[in-house]
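Remarks on the overall topology
Single-letter residue listing:
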Amino acid sequence: MLRFPYLDEPLTGSAPPSLPAGAAVRWRPLVPVSIVGPGGLTWDFGRAVLDPAAEDTVFPLDTAGRIGARLHPNTGHRVRWRGQLYPLRFANVELLLTDNIGTWRWPAVVAFSPAPLRYPILGQSGCLQFMDASFLGAALIVELVTNRFFAGTET
Amino acid sequence: MITQEYRSNRARFPRAELAKYQGAWVAFSADGCRIVARGETVEQLEEQILAVGENPQRVVREWVAGPEEDSLLGGGELL
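A brief structural summary. (Residues numbered from 1 in each chain as written. Chains lettered and ligands numbered in written order. Predicted model: local features only at pLDDT ≥ 70, side-chain atom pairs only at ≥ 80, totals over all residues.)

What follows deals with the overall build of chain B. When helices and strands are tallied, chain B shows 3 helices and 3 strands. Relative to its 79 residues, chain B shows a buried fraction of 28%. Taking the contacts inside chain B whose residues are at least 6 apart along the sequence as the reference set, 43% of them involve residues at least 24 apart. (Helix = DSSP H or I, 4+ residues; strand = E, 2+ residues; numbered from the N terminus. Buried ≥ 20, exposed ≤ 12 C-beta atoms within 10 Å, placed from the backbone. Contact = placed C-beta atoms within 7 Å.)

What follows concerns the overall build of chain A. Each helix and strand counted, chain A has 1 helix and 14 strands in total. Relative to the 2.2 N^0.38 estimate, which gives 15 Å for 155 residues, the radius of gyration of chain A is 16 Å and therefore close to what a compact globule would have. The dimensions of chain A, computed from C-alpha atoms along their principal axes, are 50 × 40 × 25 Å. Taking all 155 residues of chain A together, 39% fall into the buried category. Long-range contacts, defined here as pairs at least 24 residues apart, represent 56% of the contacts in chain A between residues at least 6 apart. (Rg over C-alpha atoms; globule rule 2.2 N^0.38 Å.)

What follows concerns the interface of chain B and chain A. Taken together, the contact between chain B and chain A spans 29 residues of the former and 32 residues of the latter. Elements with a minimum of two residues in the side of chain B that touches chain A: helix H1 (4-11), helix H3 (42-51) and strand S3 (59-64) of chain B. Residue composition of the side of chain B that touches chain A, by class: 12 nonpolar, 7 polar and 10 charged. In this sheet, S3 of chain B lies alongside strand S5 (residues 42-50) of chain A in parallel orientation, the contact comprising 2 bridges. Residue pairing across strands places Asp44 of chain A opposite Val60 of chain B, the latter belonging to S3 of chain B. (Nonpolar A, V, L, I, M, F, W, Y, C, P; charged D, E, K, R; others polar. Pairing = 2+ DSSP bridges.)

Further remarks concern the pairing of strand S13 (residues 141-146) of chain A. All names here are of chain A. Where strand S1 (residues 2-5) and S13 come together, 4 bridges link them in antiparallel fashion. Paired with Pro5 across the strands is Ile141, a residue of S13. With 6 bridges joining them, strand S12 (residues 131-136) and S13 adopt antiparallel strand pairing. Looking at the pairing, Ala133 lines up with Leu144 of S13. Linking S12 to S13, which pair antiparallel, is a turn of 4 residues; within it Leu140 sits at a positive phi near 60°.

So, about the nonpolar core. Where a protein is soluble and globular, its nonpolar side chains tend to be buried together. With 58 residues, the main nonpolar core has Val33, Ile35, Ala48, Val93 and Leu95 of chain A together with Ala27 of chain B as its most contacted residues. The element contributing the most residues to this core is strand S9 (residues 89-98) of chain A, with 6 residues. (Core = buried A, V, L, I, M, F, W, Y, C linked by C-beta atoms within 7 Å.)

Residues and elements named next belong to chain A. Taken together, 3 strands build an open sheet; the order of strands is S1-S13-S12 and the sheet is antiparallel. Of all the strands in the sheet, just S1 and S12 have a single pairing partner and so form its edges. Strand-to-strand twist of the sheet, defined as the mean angle between neighbouring strand axes without regard to direction, takes the value 15°. (Axes fitted to C-alpha atoms, helices over the stretch in contact; angles between N-to-C directions.)

Now for the pairing of S9 of chain A. Residue and element names in this part refer to chain A. Burial analysis of S9 places 7 of its 10 residues in the buried class, the great majority of the element. Bridge count between S9 and strand S10 (residues 103-113): 10 bridges; the pairing is antiparallel. Counterpart to Asn92 in the pairing with S10 is Val109. Once S9 ends, the chain turns through 4 residues before running back antiparallel as S10, passing Asn100 with a positive phi of about 70°.

Structure (structure tokens):
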């Protein structure tokens, strides 16, 4: 099992009514993730969002070239991000998650997009399809266990 | 790979210092103690990482939420 405490993001203004009065931060299910290209080039992101509502795992487009990922031929798929359409390009990479106790590494088809993403998105395809996730809302921890579709390594 | 040292130091990184980078992508040093580059986009960040002589494989990238990022809608933002 991998366990990740939610990470805090400071509120920049007053707390909205949905948060306790005086709250100074929001807690989000953000996890560090590494993306590995076919030649082993590895890019680390400190905060990627685990999002069961996202259908794909999506990284900034620039990342693909930097890690030497070979993009699949353009399939014409797009994503609407904050009202605007952006292309999605796909590639085979490896993803790596670690809570510094355990480490998982697995092959995945992920998307890359020029959409101005705030965080890399760890969605269903490429990430959450391979694991069962528990979002512990009181403890503010997300727990991940691999499932039968996981085809990577656990160390 | 992101280390425990990074996670510990990043968690202690001064919020006042981080606030200087609101709305930007930043690259932390591998130990999580310093911000070594910033950019408005990931592309700009990568250029800055190289410009300051950092090894792109030895930094950790992160978006610093800006003042307009009050509420994250997750997958809802894709609609």
